[in-house]
Amino acid sequence: MNIHFTGIAGAGMAAVAQMMQDAGHAVSGSDQDVFPPMSTFVEGLGLPVAWRLDAANLPADLDVLVQGASAKLGGDDNVEASAARERGVRVTTFPELVGEATRGRTNTVVAGSFGKSTCAALAAHVLRSCSVDAGWLVGAISPSLPATGRWGRSPEMILEGDEYIVGPSDRRSKFDLYHPDRLLLTSLVHDHVNVFPTFAEYEAPFRRLLRSLPSEGLAVLRDHPAVREVAGETRARIVWYGGGEGGWRAENEVFGDISRFDLVAPDGARTPMTTGLLGAHNIENIVGVSALLLEAGLVDRGGLVRAVSTFEGIRRRLDRLTRTSRIPVIEGFGSSWEKARSAIEAMRLHFPDRRLIVVFEPHTFSWRSRDALSWYDTVFEGADRVLVLPPPGHGAESHPQSTLEEIVARIRAAGVDARPTLTAAAAHEALSALKGDEAVLLLSSGPLLGLPDSLPPVFDRLYGA
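Because the structure is predicted, anything quoted here is derived from the model rather than measured.

What follows concerns the pairing of strand β20 (residues 355–360). Burial analysis of β20 places 5 of its 6 residues in the buried class, the great majority of the element. Bridge count between β20 and strand β23 (residues 438–444): 6 bridges; the pairing is parallel. Of the residues in β23, the one forming a bridge with Leu356 is Ala439.

What follows concerns the environment of Arg228. By secondary structure assignment, the location of Arg228 is in helix α7 (residues 225–230). Judged by its relative accessible area of 43%, Arg228 falls in the partly exposed class. Sequence-wise, Arg228 and Met347 are 119 residues apart; in three dimensions their C-alpha atoms are separated by 29 Å. Apart from residues lying up to four places away in sequence, Arg228 is in contact with Asp223 and Trp240. Reaching out from Arg228, the side chain makes a polar contact with the side chain of Asp223 at a distance of 2.8 Å.

Gaps between atoms show up when a probe of the same size as a water molecule is rolled over them. Space inside the second largest pocket adds up to approximately 420 Å³. For the lining of the second largest pocket, the secondary-structure elements that each account for two or more residues are β18 (319–320) and α14 (451–462). The leading source of residues in the lining of the second largest pocket is α14, at 3 residues. Classifying every residue of the lining of the second largest pocket by side-chain character gives 7 nonpolar, 3 polar and 7 charged.

This part covers the sheet that holds β20. Strand order in the open sheet made by the 6 strands is β18-β19-β23-β20-β21-β22, with mixed pairing throughout. For this open sheet the edge positions go to β18 and β22 (418–420), each flanked by a neighbour on one side alone. Helix-sheet contacts for helix α10 (residues 337–350) involve β19 (329–333), β20 and β23, and the interaxial angle to β23 is about 165°. This element, helix α12 (residues 404–413), spans β21 (385–388) and β22 of the sheet and lies at about 165° to β22.

Moving on, we come to unusual backbone geometry. Located in the positive-phi region is Asp33, a residue other than glycine, with phi close to 55°. Relative to the helices and strands, Asp33 is located in the loop between β2 (26–30) and α2 (38–43). Phi angles above zero are rare outside glycine, and His179 is one such case at about 35°. Mapped onto the elements, His179 comes out in the loop between β11 (170–173) and β12 (182–185).

In this section: the side chain of Thr234. The topology assignment puts Thr234 in the loop between α7 and β14 (237–241). Note on Thr234: relative accessible area 12%, which makes it buried. Polar side-chain contacts of Thr234 include one of 3.2 Å to the backbone oxygen of Leu210. In contact with Thr234, other than residues within four places in its own chain, are Leu210 and Leu213.

About the cut-offs
Residues numbered from 1 in each chain as written. Predicted model: local features only at pLDDT ≥ 70, side-chain atom pairs only at ≥ 80, totals over all residues. Heavy atoms only, no water. Buried < 20%, exposed > 50% of the residue type's maximum accessible area, 1.4 Å probe, protein only. Helix = DSSP H or I, 4+ residues; strand = E, 2+ residues; numbered from the N terminus. Pairing = 2+ DSSP bridges. Contact = heavy atoms within 4.5 Å. Polar contact = N/O pair within 3.5 Å; in protein donor to acceptor, adjacent residues only side chain to side chain. 1 Å grid on protein atoms, 1.4 Å probe; cavity = no way out; pocket = protein on both sides within 12 Å on 5 of 7 lines; lining within 4 Å. Points joined across faces, edges and corners; volume = space filled by probe spheres on them. Nonpolar A, V, L, I, M, F, W, Y, C, P; charged D, E, K, R; others polar. Axes fitted to C-alpha atoms, helices over the stretch in contact; angles between N-to-C directions.

Taken by themselves, the reported measurements are silent on function.
This is the structure in structure tokens:
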């Protein structure tokens with residue numbers, strides 16, 4: 001087929017484009033208003049890409065147009081989608097395409113409120129390292145994988161499964177379309193309040209996902225009260241991790257540049273492991289992926305240990321950006337309260353004697369919504385200072401949006417030194433006279449005013465060892 005992706009710089013869209021190209025299809029794409037790292041990443045894929053939406057971008061022999069759901073792509077008014085429909089070309093979404101393309105594969109869906117990108121990338125990396133020619137779809141960039149999407153030639157397919165809706169006119173969750181044989185469920189906490197106002201509404205798609213597993217399937221579930229509450233929905237065999245005896249767990253953790261721990265099986269068997277990933281939550285992610293792959297019989301313990309030790313994580317998830325600076329600059333993915341807390345706790349764990357400065361951009365709908373202002377009461381515990389960048393305005397009409405002043409005031413009311421920082425230049429100025437005993441965490445799911453690119457070389461020059 002000849003497939004065109006409108007909105008190809010979306011993380012999921014880019015991964016599916018690579019998957020379809022690897023499967024032998026002709027692929028092209030377009031997008032607009034895109035920032036690094038995705039713009040740089042897409043430019044390196046070797047696909048025909050246009051950075052302006054235009055009907056002229058569509059190939060003459062187009063079979064399918066895949067339209068992203070971002071508001072910037074124009075919905076029904078998208079010029080490329082309109083042109084495709086006029087030509088009688090099918091217009092679809094990437095979850096629909098993935099669901100159709102992977103029928104007949106053995107699909108493992110990795111889902112959860114947080115941890116799913118890291119776990120999906122780690123599972124793909126371990127299988128690849130153990131010579132399993134699996135396919136995968138990962139909604140983030142990992143230095144350990146040659147692509148975010150791959151078709152593969154074995155039956156195994158690893159799919160990062162997002163609970164977010166397919167689009168404004170299709171309220172199904174993306175993972176509703178993925179027909180899993182196995183499931184790794186990492187977490188279940190309220191998120192995406194703009195489309196799931198209540199926790200009951202939020203957990204409903206996870207209940208459906210559990211029910212969709214076949215009776216001969218496998219559900220590897222994190223031992224957490226909210227997950228246990230929905231576990232009864234599945235007929236599949238359940239394996240627990242992250243709790244106490246009776247499930248897979250980590251013991252004897254020692255944190256450092258290289259962290260060490262024992263992977264403990266339900267029968268008490270121990271496997272020493274090492275990782276360069278930061279944070280206790282990443283050790284828990286490793287435990288979940290290990291339980292999945294070992295219980296499914298896809299790898300042996302020796303191959304697992306070797307592969308985990310070489311996994312470099314994924315971009316923007318506690319990614320060290322500086323090279324020579326004695327003040328580390330780390331980028332974390334802060335799209336929700338839980339993800340932000342995990343990043344802050346990891347920084348405190350690995351840099352306990354340093355003052356922690358957080359540069360935070362409230363990018364997602366949840367962070368910008370007045371309905372979630374209470375998140376700011378606790379999220380920055382352990383931070384010494386927070387520089388708060390302006391919230392973006394896209395989609396503001398869909399929810400009661402907080403102002404920068406309201407966000408800063410709420411953080412200050414929690415006893416944390418919070419400072420509004422309107423521009424990248426202001427952030428540079430605020431960070432240009434540090435003492436040397438700090439650690440800096442850049443925290444957002446958005447562009448952060450370009451600071452992940454502009455700040456590290458300045459720190460390497462100002463604070464180089």
